[in-house]
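Geometric and topological summary
The residues making up each chain are set out below.
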Amino acid sequence: MLKRYQLKSDFRGFKKGSHFYLIAESEYIGIKEYVLRTRDLSRRMMISEREMEKYFIRMK
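Residues numbered from 1 in each chain as written. Predicted model: local features only at pLDDT ≥ 70, side-chain atom pairs only at ≥ 80, totals over all residues. Heavy atoms only, no water.

A look at the sheet that holds strand 2 (residues 19-28)
Taken together, the five strands give an open sheet; going across it, the order is 4-3-2-1-5, and neighbouring strands pair in antiparallel fashion. In the strand order of this sheet, the two ends are held by strand 4 (44-48) and strand 5 (56-58), each with one partner. Pairwise comparison of adjacent strand axes, ignoring direction, gives a mean angle of 40 degrees for this sheet. The sheet contact formed by strand 3 (residues 31-38) and strand 4 spans five bridges and is antiparallel. Pairing of Y34 across the sheet is with I47, part of strand 4. (Pairing = 2+ DSSP bridges. Helix = DSSP H or I, 4+ residues; strand = E, 2+ residues; numbered from the N terminus. Axes fitted to C-alpha atoms, helices over the stretch in contact; angles between N-to-C directions.)

This is the structure in structure tokens:
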């Protein structure tokens, strides 16, 4: 089951409330990165741990 996230505020051209799936997360020397895909899987973005905490909330 993929984890689902929602935007708390506008970010990188996406509107507040947009839905995303967490595709992958990685950590290298203490730096975490996340790969998210839009709900329709058409667009992908890589974000930092700080951006994840600031702009996204996990959906149940």
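Focus on a nonpolar patch on the surface
A surface patch of nonpolar side chains, amounting to about 260 Å² of accessible area, comprises L2, I23 and L41. Inspection of the secondary structure assignment puts I23 in strand 2. With relative accessibility at 41%, the residue I23 sits in the partly exposed group. (Patch = residues over 30% accessible without salt bridge, like charges linked within 9 Å, V, L, I, M, F, W, Y side chains within 5 Å. Areas by Shrake-Rupley, 256 points an atom, 1.4 Å probe, with all protein chains shown as cover. Salt bridge = Lys/Arg side-chain N within 4 Å of Asp/Glu carboxyl O. Buried < 20%, exposed > 50% of the residue type's maximum accessible area, 1.4 Å probe, protein only.)

Brief notes about unusual backbone geometry
Despite not being glycine, R12 has its phi angle at roughly 50 degrees, a positive value. Looking at the element boundaries, R12 is found in the loop between strand 1 (3-7) and strand 2. Residue I29 is not a glycine yet carries a positive backbone phi of 50 degrees. Using a relative accessible area of 70% as the deciding quantity, one classes I29 as exposed.

Topic: the pairing of strand 4
A one-sided burial pattern is seen for strand 4, the buried positions being M45 and I47 and the unburied ones R44, M46 and S48. Following strand 3, the chain reverses through five residues before pairing antiparallel with strand 4; L41 in that reversal takes a positive phi of roughly 65 degrees.

Some points on the environment of R12
With relative accessibility at 44%, the residue R12 sits in the partly exposed group. A sequence separation of 14 residues divides R12 from S26, and the C-alpha atoms of the two residues are 21 Å apart. Of the polar contacts made by the side chain of R12, one reaches the side chain of E51; its length is 3.1 Å. (Polar contact = N/O pair within 3.5 Å; in protein donor to acceptor, adjacent residues only side chain to side chain.)

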